[in-house]
Amino acid sequence: GKTVTEYINDKRISYAKHLLYTTSLQIQTIAVNCGMADVHYFSKLFKQKTGKTPSAFREEAKNQKKDILH
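It should be emphasised that the depicted structure is a prediction, and the values quoted were computed from it without experimental measurement.

Draft legend 1. Expanded view of the nonpolar core. If you look at the biggest cluster of nonpolar residues, it comprises 13 residues, and the most contacted ones within it are Ile 13, Ala 16, Leu 20, Ile 30, Cys 34, Phe 42 and Phe 46. If you list the elements that add at least two residues to this core, you get α1 (4-22), α2 (27-33) and α3 (39-50). With four residues, α1 is the largest single contributor of residues to this core.

Draft legend 2. Expanded view of helix α4 (residues 54-69). Look at α4: 23 Å from first C-alpha to last across 16 residues, which is about the 22 Å you get at 1.5 Å a residue. When we look at burial in α4, the residues that qualify are Pro 54, Phe 57, Arg 58 and Ala 61. Projected down its long axis, α4 shows its buried positions confined to an angular sector of 95 degrees, all on one face. Looking at the buried residues of α4, the elements they touch are α1, α2 and α3.

Draft legend 3. The packing of aromatic side chains, seen in detail. For the structure shown, the criterion picks out two aromatic pairs. Here the aromatic rings of Phe 42 and Phe 46 are separated by 6.0 Å at their centres, their planes lie at 45 degrees, and the arrangement is tilted. In this pair, Phe 42 and Phe 46 are both assigned in helix α3, four residues apart and thus about one turn of the helix distant. Assessed through its relative accessible area of 1%, Phe 42 is described here as buried. The buried category is assigned to Phe 46, whose relative accessible area is 0%. Relative to Phe 57, the ring of Phe 46 has its centre 5.6 Å away and its plane inclined at 75 degrees; by these criteria the two rings are edge-to-face. Here Phe 46 is found in helix α3, whereas its partner Phe 57 is found in helix α4, with eleven residues between them in sequence.

Draft legend 4. Seen up close, the environment of Val 32. Assignment of secondary structure puts Val 32 in helix α2. Taking the C-alpha atoms as reference, Val 32 lies 9.9 Å from Ala 16; in sequence the two are 16 residues apart.

Draft legend 5. Broad picture of the packing of α1 against α4. Across the interface, α1 lies against α4 with an axial gap of 9 Å and an inter-helix angle of 50 degrees. Relative to α4, the element α1 is oriented oblique. Where α1 crosses over α4, the two elements pack in a sense that is right-handed. Here α1 contributes Lys 17, Leu 19, Leu 20, Tyr 21 and Thr 22 to the contact with α4, which in turn contributes Pro 54, Phe 57, Arg 58, Ala 61 and Lys 65.

Criteria and thresholds
- Residues numbered from 1 in each chain as written.
- Predicted model: local features only at pLDDT ≥ 70, side-chain atom pairs only at ≥ 80, totals over all residues.
- Heavy atoms only, no water.
- Core = buried A, V, L, I, M, F, W, Y, C linked by side-chain atoms within 4.5 Å.
- Buried < 20%, exposed > 50% of the residue type's maximum accessible area, 1.4 Å probe, protein only.
- Helix = DSSP H or I, 4+ residues; strand = E, 2+ residues; numbered from the N terminus.
- Expected span 1.5 Å × (residues − 1).
- Arc of directions from axis to C-beta.
- Contact = heavy atoms within 4.5 Å.
- Phe/Tyr/Trp six-rings, centres within 6.5 Å; stacked < 30°, edge-to-face > 60°.
- Axes fitted to C-alpha atoms, helices over the stretch in contact; angles between N-to-C directions.
- Parallel < 35°, antiparallel > 145°, perpendicular 65-115°, else oblique.
- Left-handed = near helix turned anticlockwise from the far one by under 90°.

Spelled out as structure tokens, the structure:
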């Protein structure tokens, strides 16, 4: 029920979420690693798919890790 582009973008965002959660790579580096050279488009797509900016997602993930450890 998805277009090829939607499927690929979903996979890219899923991988980006993994990298944001598990690394401290810069957002621009994560965008490139996910196959998107334009960090602004990457951020816009990420927010459209998740409801959060990449930075906000990482901050929330970091706070969740702290809660788990304490």
